[in-house]
Amino acid sequence: MLRLLLSLSFLLAAPSALCAPHRIFIAGDSTAAEYGPERAPQAGWGQALQSYLDPAVWEVRNHAKGGRSTRSFIDEKRLDAIAAELQRGDVLLIQFGHNDAKFEDPTRYADPAVAYPQFLKRYVQLARDKGATPVLITPVARLLYDFGSLLDTHGVYTQAVKALATREQVALIDLNDSSTRWIRGLGEQGARPYFMFVPEQNKADGTHFSVAGATAVACLVMRDWVALQPELTSALKRDIDCEVRSAGRGGEATKPSRVVHERDIAVTQPGPHGGAGPTTAYPFFAGDDLPFVLRKRVLHKGAGIGLHPQHKDEIYYIVSGQGSYVLDGKQYDVAAGDALLTKTGSSHALQQVGEEDLVVLLAYPR
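Residues numbered from 1 in each chain as written. Predicted model: local features only at pLDDT ≥ 70, side-chain atom pairs only at ≥ 80, totals over all residues. Heavy atoms only, no water.

*Asks:* How would you sum up the confidence of the model for the protein chain? Please name residues and give values.
*Replies:* Summary statistics for the protein chain give a mean pLDDT of 90 and a share of 91% for residues scoring 70 or more. When the criterion is pLDDT under 50, residues 10-18 qualifies, and its contacts beyond four places in sequence or with other chains add up to 11 contacts. Per-residue pLDDT stays below 50 along residues 244-253; that stretch engages in nine contacts with residues further than four places along the chain or on separate chains. (pLDDT = per-residue confidence, 0-100. Contact = heavy atoms within 4.5 Å.)

Laid out in structure tokens, this is it:
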């Protein structure tokens, strides 16, 4: 019933080609906030969200701010600022919890049993009063391990969001769950490039994201949001294949033997599987009826191939550059001359490291 209501409300509010784009407003904390170049490489997932959506259809307006809780965001009139702009057909994404738990600070603390859900309900009610769609998001996981186990630092707050979503029949994205599985898949060391572990800045921060991490988490948000509202699919500008996708087949009639120049087939793309960009792909003989796929991908500075489970055997061969490769939760430093075999059922990710482009040849069965 909830999905049906969401779909109907979305269809009634969907922008036509003649209308201005509807907006996605984000109310949240530092994990979703936007950062300028002076804070590089720090980024929030809300900062990366627009890269997934056609701005002519959906425009992201990110009001998330570092250090804010459900309480302080309201007290500082930040919710009022959203209310002044919010209108029918818009969406309000709501993610708090990191700072609500800071009991030592009464200006931010909101107890999870009473105050926290009461504050969240004010955000939900505002959206509904304006004819907008509220979407509750559980707090994103931290990279914090203890004796080899990833700690759940948001437990009761996550449960409070889920309970409120059930009571009020509000769309829910369980980002705590998806990001926890994402971190576990990367492993403690493999996840570090996605967070603010930046030795040259003397930072070892498992709460805030690098550009690669923000992009990957934005992919998790979009994937689960599209599952709630499939109508969003038509507005997507990049893949949201943060999980296994079915391998397609097909192909054209057999083509003659020939030579292909990579300069003629280069395609600029964001990083696959929710990875950061930019990358350049060279899909050799993509339209041929061959039993295998051969592809070259150049991961430019900061780019990566996001964590994903394998549904086929695949080989990466590093032609040049350096990278951080995660295979089944174990991290490897890789460079030119290294070959990486990932078997069906494993999970892997690859992140460019350093100043030089990371150039990779990929081969796998079609």
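Next comes the rest of the description.
*Asks:* Tell me about the sheet that holds strand E14 (residues 304-309), residues and numbers included.
*Replies:* Sheets are built from strands paired through backbone hydrogen bonds, the pairs being either parallel or antiparallel. As summarised here, the arrangement of the four strands in space is E14-E19-E16-E17, forming an open sheet in which the pairing is antiparallel. Of all strands in the sheet, those bounded by a partner on one side alone are E14 and strand E17 (330-335). Averaged over all adjacent pairs, the angle separating strand axes in this sheet is 20°, with direction ignored. The sheet contact formed by strand E16 (residues 322-327) and strand E19 (residues 347-353) spans six bridges and is antiparallel. Paired with Tyr 325 across the bridge in E19 is Leu 350. Most of the contacts of helix H7 (residues 175-186) go to E14, to which it runs at about 100°, and overall it touches E14, E16, E17 and E19. (Pairing = 2+ DSSP bridges. Helix = DSSP H or I, 4+ residues; strand = E, 2+ residues; numbered from the N terminus. Axes fitted to C-alpha atoms, helices over the stretch in contact; angles between N-to-C directions.)

*Asks:* So, the pattern of salt bridges: which residues are in play, and what are the values?
*Replies:* Evaluation of the coordinates by the stated rule reveals 14 salt bridges. Close ionic contact of Asp 105 with Arg 108 constitutes a salt bridge, the shortest N to O distance being 2.8 Å. Accessibility assignment for this pair places Asp 105 and Arg 108 in one class, buried. Measuring nitrogen to oxygen at the nearest pair gives 3.4 Å for the salt bridge that ties Lys 121 to Glu 168. You can see Lys 121 sitting in helix H5 (residues 115-129) and its partner Glu 168 sitting in helix H6 (residues 155-168), a full 47 residues away along the chain. Salt bridges linked by common partners bring Glu 59, Arg 61 and Glu 85 together as one network. (Salt bridge = Lys/Arg side-chain N within 4 Å of Asp/Glu carboxyl O. Buried < 20%, exposed > 50% of the residue type's maximum accessible area, 1.4 Å probe, protein only.)

*Asks:* Break down the pairing of strand E20 (residues 358-365) for me, citing the residues and quoting the values.
*Replies:* Note: strand E13 (residues 292-299) against E20, eight bridges, orientation antiparallel. When the sheet's bridge partners are listed, Arg 297 is paired in E20 with Val 360.

*Asks:* Summarise the packing of aromatic side chains; cite the residues concerned and give the values.
*Replies:* Applying the stated criterion to the full structure yields eight aromatic pairs. Counting every residue linked through ring pairs, the aromatic cluster contains Trp 182, Tyr 194, Phe 195 and Phe 209. Looking at Arg 238, its charged tip hangs above the ring of Tyr 52, at a distance of 4.5 Å from the centre. (Phe/Tyr/Trp six-rings, centres within 6.5 Å; stacked < 30°, edge-to-face > 60°. Lys NZ or Arg CZ within 6 Å of the ring centre and 35° of its normal.)

*Asks:* Tell me about the nonpolar core, residues and numbers included.
*Replies:* One recurring pattern in soluble globular proteins is that nonpolar side chains are buried together. Membership of the largest hydrophobic core comes to 54 residues, with the highest contact counts inside it found for Trp 45, Leu 49, Leu 93, Trp 182, Ile 183 and Trp 225. Ranked by the residues each element gives to this core, the list is headed by helix H8 (residues 211-228), at 12 residues. When near neighbours in sequence (up to four residues on either side) are disregarded, Trp 225 contacts Ile 24, Leu 53, Val 91, Leu 93, Val 135, Ile 173 and Leu 232. (Core = buried A, V, L, I, M, F, W, Y, C linked by side-chain atoms within 4.5 Å.)

*Asks:* Please set out H7 residue by residue, giving values where relevant.
*Replies:* Its 12 residues place the ends of H7 16 Å apart at the C-alpha level, agreeing with the 16 Å of an ideal helix rising 1.5 Å per residue. Among all positions in H7, only Leu 175, Asn 176, Ser 178, Ser 179, Thr 180, Trp 182, Ile 183, Gly 185 and Leu 186 are buried. Gly 187, located one to two residues past H7, shows a positive phi value of around 85°. (Expected span 1.5 Å × (residues − 1).)

*Asks:* Summarise the packing of H5 against H6; cite the residues concerned and give the values.
*Replies:* Running from N to C, H5 and H6 cross one another at 40°; their axes reach a closest spacing of 10 Å. Classified by the angle their axes make, H5 and H6 are oblique. Note that H5 runs across H6; the crossing there is right-handed. Judged by residue contacts, Tyr 116, Pro 117, Leu 120, Lys 121 and Arg 128 of H5 engage Tyr 157, Ala 160, Val 161, Leu 164, Arg 167 and Glu 168 from H6. Its residues assigned to classes, the contact of H5 with H6 comprises seven nonpolar, no polar and four charged. (Parallel < 35°, antiparallel > 145°, perpendicular 65-115°, else oblique. Left-handed = near helix turned anticlockwise from the far one by under 90°. Nonpolar A, V, L, I, M, F, W, Y, C, P; charged D, E, K, R; others polar.)

*Asks:* Please provide a residue-by-residue account of unusual backbone geometry, values included.
*Replies:* A cis geometry characterises the amide bond from Ala 40 onward to Pro 41, with omega recorded as 5°. Secondary-structure assignment places Pro 41 in the loop between strand E1 (22-28) and strand E2 (42-43). Following Gly 277, the chain continues into Pro 278 via a peptide bond in cis, with omega recorded as 5°. Here Pro 278 shows up in the loop between strand E11 (267-269) and strand E12 (279-284). With a phi close to 55°, Gln 169 is a non-glycine residue in the positive phi region. Position of Gln 169 among the secondary structure elements: in the loop between H6 and strand E8 (171-173). A residue is classified by how much of its surface remains accessible, and Gln 169, at 41% relative accessible area, is partly exposed.

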